[in-house]
Amino acid sequence: MINADVIVVGGGPVGLWAACELKLAGLTVILLERRDVSMAQSRALTMHGRTLEMFAMRGLAERFLAKGQAISTGHYAALDTRLDFSAFDTRYPFTLLLPQSQTEALIEEHARELGVIVLRGHEVTRITGSETEGYGVFAQHEDSEASFHARAVVGADARRSIVRQTAGIAFEGHPATLSIMMGDVSLRGLDGPPVRMVTNARGAVTIVPVGNGGTMRVIVVDPQRTHVAVGEPLTLEELSASTRHILDEDVHFSDPTWLTRFGDETRLAARYREGRLFLVGDAAHLHFPAGGQGMNVGLQDAMNLGWKLAAVLNDRAPPSLLDSYEAERRPVGAQLARNTEAQGALMTRFDAGHLALRAEMSDLLKVPEINRRLAGVLSGFDLRYPSGGLFGDTPGAGERVADRNIVLPDETTTRIYALLAGGTWLHLSFGDSAQVALPGWLQAGAVRYVTARTPKSQASHEQTQAVLIRPDGYVAEQLPTAPR
Ligand SMILES: Cc1cc2nc3c(=O)[nH]c(=O)nc-3n(C[C@H](O)[C@H](O)[C@H](O)COP(=O)(O)OP(=O)(O)OC[C@H]3O[C@@H](n4cnc5c(N)ncnc54)[C@H](O)[C@@H]3O)c2cc1C
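Residues numbered from 1 in each chain as written. Predicted model: local features only at pLDDT ≥ 70, side-chain atom pairs only at ≥ 80, totals over all residues. Heavy atoms only, no water.

Novice: Is there a simple way to think about the overall build of the protein chain in this case?
Specialist: The secondary structure content of the protein chain amounts to ten helices and 27 strands. Viewed in the frame of its principal axes, the protein chain has a C-alpha envelope of about 70 × 65 × 35 Å. The proportion of buried residues among the 484 residues of the protein chain is 56%. For the protein chain, long-range pairs separated by at least 24 residues make up 69% of all intrachain contacts whose partners lie at least 6 apart in sequence. Only carbon and sulfur atoms are counted for the fraction: they give 51% of the accessible area of the protein chain, which is about 19800 Å². With 47 positive and 55 negative side-chain charges, the protein chain shows a separation of 2 Å between the mean positions of the two kinds. (Helix = DSSP H or I, 4+ residues; strand = E, 2+ residues; numbered from the N terminus. Buried < 20%, exposed > 50% of the residue type's maximum accessible area, 1.4 Å probe, protein only. Contact = heavy atoms within 4.5 Å. Areas by Shrake-Rupley, 256 points an atom, 1.4 Å probe, with all protein chains shown as cover. Lys, Arg positive; Asp, Glu negative; His and termini not counted. Charge placed at Lys NZ, Arg CZ, Asp CG, Glu CD.)

Novice: Explanation requested: the side chain of Thr226 in the structure shown.
Specialist: Structurally, Thr226 is set in the loop between strand 16 (216–221) and helix 6 (236–247). The class of Thr226 is buried, set by a relative accessible area of 15%. Residues in contact with Thr226, not counting those within four places in the same chain, are Leu178, Ser179 and Val221.

Novice: Quick question: what am I supposed to make of the domain arrangement of the protein chain here?
Specialist: Interfaces are often sized by the amount of accessible area the parts lose when they come together. For the protein chain, the assigned domains are domain 1 (2–174 + 266–379), domain 2 (180–262) and domain 3 (405–480). Computed from C-alpha coordinates alone, the two centres of domain 2 and domain 3 are separated by 48 Å. (Domains from an automatic or database assignment.)

Novice: Explanation requested: a nonpolar patch on the surface in the structure shown.
Specialist: Together, Leu364, Val367 and Ile370 give the surface a local cluster of nonpolar side chains, amounting to about 200 Å² of exposed area. With respect to the secondary-structure elements, Leu364 resides in helix 9 (residues 352–364). (Patch = residues over 30% accessible without salt bridge, like charges linked within 9 Å, V, L, I, M, F, W, Y side chains within 5 Å. Salt bridge = Lys/Arg side-chain N within 4 Å of Asp/Glu carboxyl O.)

Novice: How should the sheet that holds strand 18 (residues 266–269) be read in this particular structure?
Specialist: The pairing of strands in a sheet comes from backbone hydrogen bonds and takes either a parallel or an antiparallel form. A sheet is described by the order of its strands in space; here three strands give the open sequence 12-18-21, paired in antiparallel fashion. The sheet is open, and its two edges are formed by strand 12 (171–174) and strand 21 (285–286), each paired on a single side. Bridge count for strand 18 against strand 21 is two bridges, and the pairing is antiparallel. Within the sheet, the bridge partner assigned to Arg267 lies in strand 21 and is Leu286. (Pairing = 2+ DSSP bridges.)

Novice: Hey, could you run me through the pattern of salt bridges in this one?
Specialist: As a working rule, side chains carrying opposite charge can pair if their charged atoms are close by. Summed over all chains, the structure comprises 32 salt bridges. Among the salt bridges present, the one from Arg120 reaches Glu108, with a minimum N-O distance of 2.7 Å. Remark: Glu108 occurs in helix 4 (residues 100–114) and Arg120 occurs in the loop between strand 8 (117–119) and strand 9 (122–130); sequence separation between them is twelve residues. On the basis of relative accessible area, Glu108 is assigned to the buried category, the value being 9%. The partner of Glu328 in a salt bridge is Arg470, and the shortest N-O contact between them spans 2.9 Å.

Novice: Looking at this model, I keep getting lost on the site of the ligand. Mind explaining?
Specialist: In the vicinity of the ligand, 33 residues are found, and the nearest of them are Glu33, Gln100, Asp282, Met295 and Asn296. Between the ligand and the protein, one listed contact pairs an oxygen atom with a side-chain N or O atom of Arg43 at 3.2 Å. Measuring from an oxygen atom of the ligand, one finds a side-chain N or O atom of Gln100 at 2.8 Å. Protein chains bury 91% of the 1000 Å² of accessible surface belonging to the ligand in isolation. Broken down by secondary-structure element, the contributors of at least two residues to the shell around the ligand are helix 1 (13–24), strand 9 and helix 7 (294–313). (Near = heavy atom within 4 Å. Polar contact = N/O pair within 3.5 Å; in protein donor to acceptor, adjacent residues only side chain to side chain.)

Novice: Got a minute to help me understand the nonpolar core in this structure?
Specialist: As a rule of thumb, soluble globular proteins bury nonpolar side chains together. Of all hydrophobic cores here, the largest spans 103 residues; its most connected members are Trp17, Phe64, Leu309 and Leu428. If one sorts the elements of this core by residue count, helix 7 sits on top with eleven residues. Both domains that meet at this core, namely domain 1 (2–174 + 266–379) and domain 3 (405–480), each give it at least three residues. Sequence-distant contacts of Leu309, defined by excluding residues within four places in its chain, comprise Val6, Leu22, Ala152, Val154, Phe278 and Leu322. Counting 24 residues, the second largest nonpolar core, distinct from the first, contains Phe88, Ile180, Met347 and Ala375. (Core = buried A, V, L, I, M, F, W, Y, C linked by side-chain atoms within 4.5 Å.)

Novice: I'm lost on helix 7 in this one. Help?
Specialist: Each α-helix turn comprises 3.6 residues. Residues three or four places apart therefore point the same way. Compared with an ideal rise of 1.5 Å per residue, which puts 20 residues at 28 Å, helix 7 spans 28 Å between its outermost C-alpha atoms and is within 8% of the ideal. With 20 of 20 residues buried, helix 7 is to be regarded as a mostly interior element. Positive phi shows up at Asp315, right after helix 7, with a value of about 60°. (Expected span 1.5 Å × (residues − 1).)

Novice: Hey, could you run me through the packing of helix 2 (residues 49–56) against helix 7 in this one?
Specialist: To characterise two packed helices, one gives the angle between the axes of the helices and the distance between these axes. Running from N to C, helix 2 and helix 7 cross one another at 35°; their axes reach a closest spacing of 9 Å. Crossing hand, helix 2 versus helix 7: left-handed. Across the interface between the two elements, Arg50, Thr51, Met54 and Phe55 from helix 2 touch Asn296, Leu299, Gln300 and Met303 from helix 7. (Axes fitted to C-alpha atoms, helices over the stretch in contact; angles between N-to-C directions. Left-handed = near helix turned anticlockwise from the far one by under 90°.)

Written out as structure tokens, the structure reads:
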């Protein structure tokens with residue numbers, strides 16, 4: 001039996017990131033992944049700005065930016081009016097197109113640098129034990145069973161999650177009601193912008209670049225074909241015929257690297273935790289992939305859980321801190337299910353009523369406040385965790401901290417996120433004596449104290465005298481400047 005503080009089940013992007021965060025906080029972490037080799041598929045192409053911010057907090061954003069392609073806007077339900085991220089106070093007011101295979105490879109590289117033990121070819125078949133005695137985790141590896149023991153288990157094992165099943169947590173929702181075709185292909189016969197979205201009475205076609213090698217992702221909603229079961233193989237001919245019919249153009253596809261169908265199965269775990277079994281990512285929420293959200297939300301689940309679980313296992317926080325994981329993240333999962341159901345309805349029906357609804361919605365998105373609201377939800381920029389309880393209820397508590405420049409006492413300029421790279425709490429004072437009271441359970445030794453001033457060009461930041469920032473970049477408490 002091999003011991004670890006935490007076993008992470010599932011080595012997709014979310015499990016890998018959870019393992020990184022737990023390891024960064026000093027725990028021993030073993031990740032068990034049933035696949036022998038890394039995933040090669042492009043799947044999640046869209047990385048939102050908030051996810052780039054999360055990586056920036058650990059000094060990694062440049063690695064992703066170097067490999068991806070930035071697109072200045074995003075989409076809601078493939079409507080003609082694009083989502084505009086320029087109003088957000090961020091260094092990343094765009095979406096990054098990067099195949100999921102590359103995202104996973106970069107996170108795995110970071111995991112290995114940190115010292116996470118990643119064991120491939122290990123399919124978890126059984127989990128026993130309890131919160132008090134810890135958990136036995138048993139995995140099929142080649143012809144034998146490998147056994148592990150851990151104080152906590154993180155289930156990042158997606159749709160059929162054995163962690164969720166062991167925990168007895170219901171996965172509430174509905175099965176797929178339709179299917180959509182998707183291919184990563186080379187194409188001839190189409191010119192135009194890198195991202196193309198067409199919807200008409202015959203159906204819908206979306207074309208976006210996959211990486212920098214010339215491959216394009218083609219997503220086709222053909223109402224004549226949506227009845228085909230998700231598991232049915234897709235041929236290049238079927239994808240081509242539907243695309244030509246909908247676009248009424250003579251396009252030619254070749255060299256497919258991935259042909260698949262996906263559906264609108266939508267489910268949300270009734271709870272995100274049972275004892276010290278936790279659910280993150282697709283193990284906790286499944287939905288119609290619209291607006292590029294599943295992986296992004298899952299990564300934020302992992303970021304939220306990582307520091308909390310580590311603090312409790314390191315005896316630096318009360319066990320009740322773990323309740324805040326579900327309290328903060330399940331509403332995000334519920335919102336994800338809701339907005340993807342709504343997008344699905346707008347993206348898969350082509351009668352006159354639905355086309356008119358699309359036109360109305362597209363017009364509404366021209367109103368900046370409405371555009372910002374949806375852009376804020378899909379990107380995660382506008383997420384605000386409920387304040388009170390373990391966290392403060394001062395104005396701004398629960399909101400994300402923007403990555404502003406600050407000037408240190410030695411006159412060097414740095415970024416706030418750079419100070420979070422170690423994964424600790426950060427107390428920033430904009431004035432020598434300004435102090436925010438720590439939550440009663442938080443030891444001062446677990447907090448990095450920094451005194452700084454804002455550069456002259458950023459006078460607005462002087463609204464804050466001091467701010468206590470959680471390891472995941474959200475405000476725990478802040479002390480606003482008294483009105484002058
Ligand atoms: C066509 C399509 C397009 C998408 N586009 C986007 C997008 O643009 N942006 C976005 O954010 N999301 C997108 N998504 C969603 C995204 O792909 C998922 O949300 C994401 O993969 C979830 O990551 P995960 O780590 O939770 O699960 P997964 O990536 O599914 O990883 C789970 C891992 O667990 C392993 N596993 C399962 N059971 C066991 C076991 N018993 N033992 C050991 N290992 C196990 C699996 O082998 C797998 O590697 C898209 C999805 C699809 C299908």
